[in-house]
Every structure is written in structure tokens, then in C-alpha cells.
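Coordinate analysis (summary)
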Amino acid sequence: MCATYACVTGRGLDFCFECPEFPCAKLNPAADRADVLPHNIKLFNLCCIEKQGLAKFLEKLPEIRQRYYQGKMIIGKGPQLE
């Protein structure tokens, strides 16, 4: 069981950003295994859903995933696709 999911559902919410404690330590990114675990992108995704809505987020999700997994970080420009 994912602790973040258990927290959200236990509070009767659909998304973390609906919680008054958002963002909390459960969403804190960690460099450890960031190359194989997508957990470091949770906060970014939640902020996108909160600002743009779920439908728009789902529309942009393929590009978000591509930038996360295949992008090269360029300081000042963010992850760039070559």
C-alpha cells in the first residue's frame, strides 16, 4: 500500500493538493533511484492537475513522461528533448 494513497483516501480526498497540508513530506523528492522510480514527479503532476485540471493534464501527460524519462536537464531551460 502506498502511504501517499492511503493518506489521501483516508482523508476522503481525490488529490493531495486538496489537503490543507499540501505539500507535505510524503511528496518530498529524493535523488535516490530517481532514474528508475517516477515518485520524484508526483509534486509536479499534482500542481499541473491543480492548475490546469485533470483533462488538460492527461492530454499533456505523454510529453511530461517523455521529458522526465528521456529529457536532458539544461540549467535555466529545464529538461530538453534532443
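As a reminder, the structure under discussion sits directly above these lines.
A quick note: this is a predicted structure, and the numbers were derived from the prediction, not measured.

1. Some points on the side chain of Asn45
Within the element layout of this structure, Asn45 appears in helix α2 (residues 42–52). Here Asn45 falls in the buried class, since its relative accessible area comes to 16%. Every residue in contact with Asn45, bar those within four places of it in the chain, is listed here: Phe57 and Ile64.

2. A closer look at the nonpolar core
Listed in full, the 12 residues of the largest apolar core are Val8, Cys16, Phe17, Phe22, Leu27, Ile41, Leu46, Cys48, Ile49, Phe57, Leu61 and Ile64. Elements that contribute at least two residues to this core include exactly α2 and α3 (54–70). Contacts of Ile64, omitting those with residues within four sequence positions, involve Ile41, Phe44, Asn45 and Phe57.

The rules behind each value
- Residues numbered from 1 in each chain as written.
- Predicted model: local features only at pLDDT ≥ 70, side-chain atom pairs only at ≥ 80, totals over all residues.
- Heavy atoms only, no water.
- Helix = DSSP H or I, 4+ residues; strand = E, 2+ residues; numbered from the N terminus.
- Buried < 20%, exposed > 50% of the residue type's maximum accessible area, 1.4 Å probe, protein only.
- Contact = heavy atoms within 4.5 Å.
- Core = buried A, V, L, I, M, F, W, Y, C linked by side-chain atoms within 4.5 Å.

Keep in mind that these numbers describe shape and distance, not what the molecule does.
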